Structures are given as C-alpha cells and as structure tokens.
Amino acid sequence: MIIRPRRLRVTQAVRDMTAETRLSPSMLVYPVFIREGHGIIEDIPAMPGQKRYSPDTLPRILERAMKCHIGGVLFFGIPEHKDDSGSQAWADDGVIQQAIRTAKREFPDLTVIGDVCLCEYTSHGHCGLIRGGHVENDPTLEVLARVAVSQSEAGADIVAPSAMMDGQTGAIRSWLDASGCNDTLIMSYAVKYASAFYGPFREAAGSAPSFGDRKTYQMDPRNVREAVKEALLDVQEGADIVIVKPGLPYLDVLKTVKGSVNVPVASYSVSGEYSMMKATCANGWLNERNIATEATICLARSGADIIITYYALELSEWMLEGWL
Ligand code: PBG
C-alpha cells in the first residue's frame, strides 16, 4: 500500500485552507525615506521603484499605504544639514519630526515607526558619536534617547533604535518614561548584522560611513548564539518587538531568535535583497510577483510575526486583489 501525502488532486481552496503560513497586510511594514525640503519626489537609482519624499509630498505615498491596510510605515529622515553629533536627529523641527507630525495629522490611524539612529545625520556617517577616531558607545546613549523622545513627542507610535549601541533600549525606555511617553513602544533592532546587503540603503539615505566600517558595533555574520544573547538583553531592557536583520540570508537566526524570546519578532528584508530581486526581474530572469511573494512567505515561515519590506505596498495590493 502506498501512503500518500494527498497533495496530488486537492483544489487550490483546500491548499489555502491547510496552508501552514499566511501573510496579511497588517503584518507588513513599509520603509519610507524622507528628505528635508519641499516638493520632492525623487527616484533612488539603486532601488528602482522606491523614492525619497519631502514632508509635504509624503501624504501621497501614505495614502496608498492606508488604502492597502498595511501594518505600519517606518520613517528614515535625510536632513539638509549634518554635523558631528547628528543634532538634526533630535531637532524639534527636524525632517523626521516634521514627517511624523504630517503623517499623524493626515492619517491618525496609520502606525508610524521612527528609525532612531545617527548615521543619516552625522557628517562622518557613523551611528554614534566619534571620540578619538572611534565610535563611543556610552556617550551616544543619551543622544539616541533624545532622538527617541523627540520622535515620540512628534507623534510616533513606535521608535526603532538601529544604532546597535549596547544599552540603547534601556536608555531609551527610561528617557521615554521620564518624559511621559510611556505608551510609545520600542521595536529594537536587537540583531543587526554588519551586512553588505545595506549598500543601496546607504545610497538612498546618504549614510555611508566616511571612514572605517560598522563592524565594531554591528554583528558578525558568523554568529548565531550571539544573536540570542542580544535579543534577550533587549527584551530585558524593555524591547516590545525585536528585529532580526537582514532577512533571507539570516533565516536560521530568525528561527533561533523566535524560539528564544517571548515578544513579537520582526524580520527586515533589507535594501540589497530588494535591489537583487529588482535587478534580476528587470532582466526578465525571474518573475517579480512570484519571487517577492515567496521570499516574504519564507520569512513568515521562519518565524517572523512582522516583516519590514520595500515590497510591502505591492504585496498588500496583491493580497487585496486576491492574487496572493
Ligand atoms: C541604520 C540603518 C541601516 C539600515 C536600516 N537602518 C543601514 C546601516 O546600518 O548601514 C539598512 C536598511 C536596508 O538596507 O534596507 N540607520
């Protein structure tokens, strides 16, 4: 007798009913680049299909995000003026603060997440303060906490610290609480590798380091137990959600972290993953809808409760069309 897995003749409806993994627009987060200025909607050459907006043009893309019932948007600010300490990152009228205020005024129900980092705002392009040629962890904590509070006061629902400084989550939580921002959640980039897949993002955000690299504060791709340690520490410090980043090349890390923490886990499918898919599809070598969908499902299957992806809008629209 042959014991069959019963896959041969079932209908698509039965396959859908029994699927082990499901995607929904509410689990997707769309990253948006916001550049200081007016009337800007400009292409990002290394990320075809993605654009930079100024705070006044931002509502156009947010309206599309609202219409497809997306989980949230993640804002990256690109200031006009950079300095040593990244002071525009916590300026009351800084580009990201303007963007958050505009978003919450126009679309109060849209979940807005602010990326908390300094690399887009510092003249040297590093994620922390520089002293004697090195990134200094501890003095940076207060600066990151200021950034988080200013974003929260502008209306951000969630702040997402991505600088990879030790203790940043704890510092931000205590500053938020001391400032009356008790309801603001922290989505911490707890597990962020020193990855070459961030290349297109650094072009998009103008945040490439002017010297050295980020290997002293981002994680070594050879390590996975260290990821568990980082994630547990962040949960202990008050993280409400932890991010593992990048996405596809780190599925094992995602799965391991998911099994180790008791908070939702987000996977960030980063710029290089997006650009690789775009480039190969532009050549006609792969089918864009199919690979973007499969790549995203693989992240969910490996444990992601939330997926941050530059395909978030398209994926949500495909789901609403009933294609996915
Ligand atoms: C740092 C930050 C980076 C990304 C998100 N936050 C870049 C870096 O660490 O150099 C990369 C995201 C992507 O590649 O899509 N603020």
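Located above this text is the structure these notes cover.
Fair warning: this is a prediction, and the values are worked out from it, not measured in the lab.

Conventions used here
- Residues numbered from 1 in each chain as written.
- Predicted model: local features only at pLDDT ≥ 70, side-chain atom pairs only at ≥ 80, totals over all residues.
- Heavy atoms only, no water.
- Near = heavy atom within 4 Å.
- Polar contact = N/O pair within 3.5 Å; in protein donor to acceptor, adjacent residues only side chain to side chain.
- 1 Å grid on protein atoms, 1.4 Å probe; cavity = no way out; pocket = protein on both sides within 12 Å on 5 of 7 lines; lining within 4 Å.
- Sits in = over half its atoms within 2 Å of the grid points.
- Axes fitted to C-alpha atoms, helices over the stretch in contact; angles between N-to-C directions.
- Helix = DSSP H or I, 4+ residues; strand = E, 2+ residues; numbered from the N terminus.
- Parallel < 35°, antiparallel > 145°, perpendicular 65-115°, else oblique.
- Left-handed = near helix turned anticlockwise from the far one by under 90°.
- Contact = heavy atoms within 4.5 Å.
- Nonpolar A, V, L, I, M, F, W, Y, C, P; charged D, E, K, R; others polar.
- Buried < 20%, exposed > 50% of the residue type's maximum accessible area, 1.4 Å probe, protein only.

A. Spotlight on the site of the ligand. Surrounding the ligand, one finds 17 residues, the nearest of these being R202, Q218, K245, S271 and Y310. Measuring from an oxygen atom of the ligand, one finds a side-chain N or O atom of S271 at 2.7 Å. In this structure the site holding the ligand corresponds to the largest cavity.

B. The packing of helix α9 (residues 271-282) against helix α10 (residues 288-301), seen in detail. One way to put it is that α9 packs onto α10 with a least axis distance of 10 Å and a crossing angle of 160°. The angle between α9 and α10 falls in the class roughly antiparallel. Crossing of α9 over α10 shows right-handed handedness. Listed contacts from α10 to M277, K278, T280 and C281 of α9 are E288, I291, A292 and A295. In the contact of α9 with α10, the residues fall into 5 nonpolar, 1 polar and 2 charged.

C. Broad picture of the side chain of R52. With respect to the element layout, R52 can be found in strand β3 (residues 51-53). On the basis of relative accessibility, which here comes to 12%, the residue R52 falls in the buried class. Here the side chain of R52 touches E203 through a polar contact of 3.4 Å, landing on its backbone oxygen. One polar contact links the side chain of R52 to the main-chain carbonyl oxygen of A204, over a distance of 2.7 Å. Not counting residues up to four positions away in its chain, the partners in contact with R52 are F33, R35, I40, I41, E42, D43, I44, I78, E203 and A204.

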